[in-house]
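# Structural characterization, general
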Amino acid sequence: WRRHEPVIQDGTVPRCAMNRPAKSCALVTRYADSRVAESVAALARHLAARGVQPLAPRDDADPQDDPALLRLPEAELAARADLVVAIGGDGTLLYAAGLVAERGTPLLGINRGRLGFLTDVLPEDMLASVDAALAGDCSVDRRELLAAEILDGERTTQRGLALNDVVLQKGESGHLLDFETFIDGRYVNTHGGDGLVVASATGATAYALSCGGPIVEPQLDVLVVAPICPHTLSARPIVVSGRSTVEVRLGDRAEARANASCDGRPLGPGAPGQRLRVAPSGHRITLLHPSGYDYFRLLRSKLNWGRRSFDAPR
């Protein structure tokens, strides 16, 4: 695959092109979910008929045990796949993104979930969109990942990557979490509340949005820093440069225990006095979109923009 930057001055969207024919395609989904079983089986047969080997994670149980799927361990799956297709909701695509985070393998999302900001291919367009991806006739959208680490003094205890967001949440219900935020080493605020979301532009329409954060066009190089249920109404989400380093320092009180996660995957517990640091990772994933992809049309569809109240069914 030839990889391109997502922004072109004349407003066009870059296309992907194959440097070599795809030999294998990994299908990532929740195989125990009966709603997606039919889609997976149809796609596996379609790929096999085209001479492309369909792959699947070995540890993900498929109740139908489709013989067309070659089962591989996750590490080998990511290494062998020329294309990854995530079938499900945005959570499925985020999981798939974690598999290819350091490889740049193109990733296509088929929406069998509820909202689907990242999985933007409709089920009825699945086969045609996969064919287009294999032919190099899709729009390329490269998204940078966030790097998160928990530090105890100067020692890093945990590391992780995130496409959407890094979330710090209180470890015990019934207690406020006390913490301080710093951006590029500069003190910003002292917070009391349920935690903090540090979201990429991609993740602006995820958890950060429910915290009152703005919708951000994905190609913008920014981060959204959004408090979760802050104790004071003056604590508001802010937008900072995507090149920034955001550091959260937990208070020294015994109840200042927190849990951190990257795209919903546990990163680790944070103890009083420890720090969570979030910064650009230097890694990117390559999302593929069908021809004619329009982010604002996607927003209108997912958020029901432009629908007048008297147009709603009675």
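Residues numbered from 1 in each chain as written. Predicted model: local features only at pLDDT ≥ 70, side-chain atom pairs only at ≥ 80, totals over all residues. Heavy atoms only, no water.

Let us look at the packing of aromatic side chains. On inspection of all chains with the given rule, the structure shows 2 aromatic pairs. Consider the rings of Tyr295 and Phe296, whose centres lie 5.7 Å apart with planes at 70°: the pair is edge-to-face. What makes Phe296 partly exposed here is its relative accessible area of 42%. Above the plane of the ring of Phe182 lies Arg249, whose end atom (NZ or CZ) is 3.9 Å from the centre. (Phe/Tyr/Trp six-rings, centres within 6.5 Å; stacked < 30°, edge-to-face > 60°. Buried < 20%, exposed > 50% of the residue type's maximum accessible area, 1.4 Å probe, protein only. Lys NZ or Arg CZ within 6 Å of the ring centre and 35° of its normal.)

A few words on the sheet that holds strand β16 (residues 265-270). Reading across the sheet, the 6 strands line up as β13-β12-β11-β8-β15-β16 and stay open at both edges, with antiparallel pairing between neighbours. Both edges of this open sheet fall to β13 (238-241) and β16, since each of them pairs with a single strand only. Mean inter-strand twist for the sheet, computed between neighbouring axes without regard to direction, equals 20°. (Pairing = 2+ DSSP bridges. Helix = DSSP H or I, 4+ residues; strand = E, 2+ residues; numbered from the N terminus. Axes fitted to C-alpha atoms, helices over the stretch in contact; angles between N-to-C directions.)

This part takes up helix α4 (residues 126-134). Looking at α4, one finds that the buried residues are Met126, Ser129, Val130, Ala132, Ala133 and Leu134. Buried-residue contacts for α4 involve α1 (34-49), β4 (83-88), β5 (107-111) and β17 (275-289). Of the residues flanking the end of α4, it is Gly136, one or two places downstream, whose phi is positive at about 75°. (Contact = heavy atoms within 4.5 Å.)

Per-residue pLDDT for the chain has a mean of 86; in total, 89% of the residues score no lower than 70. This model gives residues 1-13 a pLDDT under 50, and the stretch forms 32 contacts once residues within four places in sequence are excluded. (pLDDT = per-residue confidence, 0-100.)

Time to look at the side chain of Arg71. Secondary-structure assignment places Arg71 in strand β3 (residues 70-72). At 2.8 Å, the side chain of Arg71 forms a polar contact with the backbone oxygen of Pro57. (Polar contact = N/O pair within 3.5 Å; in protein donor to acceptor, adjacent residues only side chain to side chain.)

Of all 10 residues in helix α3 (residues 90-99), 7 are buried, a share of seventy percent or more. When we look at burial in α3, the residues that qualify are Asp90, Thr92, Leu93, Leu94, Ala96, Ala97 and Leu99. Residues of α3 that are buried make contact with β1 (24-29), α2 (74-80), β4, β5, β16 and β17.

Here the focus is the pattern of salt bridges. Side-chain pairing between opposite charges can occur once the charged atoms of the two side chains come close. With the rule as written, the count across this model stands at 13 salt bridges. Residues Glu149 and Arg159 are paired through a salt bridge, measuring 3.9 Å at the closest nitrogen-oxygen approach. Within this pair, whereas Glu149 is found in strand β6 (residues 139-152), its partner Arg159 is found in strand β7 (residues 155-162), the two being separated by 10 residues in sequence. When its relative accessible area of 15% is taken as the criterion, Glu149 is described as buried. Judged by relative accessible area, which is 64%, Arg159 ranks as exposed. Here Glu149 ties to Arg277 by a salt bridge, and the two come within 3.5 Å at their closest N and O atoms. Taken together, the residues Glu149 in strand β6 and Arg277 in strand β17 connect sequence positions 128 residues apart. On the basis of relative accessible area, Arg277 is assigned to the partly exposed category, the value being 23%. What emerges from the salt-bridge pattern is a single network uniting Glu149, Glu154, Arg159, Glu247, Arg249, Arg275 and Arg277. (Salt bridge = Lys/Arg side-chain N within 4 Å of Asp/Glu carboxyl O.)

So, about the environment of Gly264. Note on placement: Gly264 falls in the loop between β15 (258-262) and β16. With 97 residues separating them along the chain, Gly264 and Val167 place their C-alpha atoms 8.0 Å apart.

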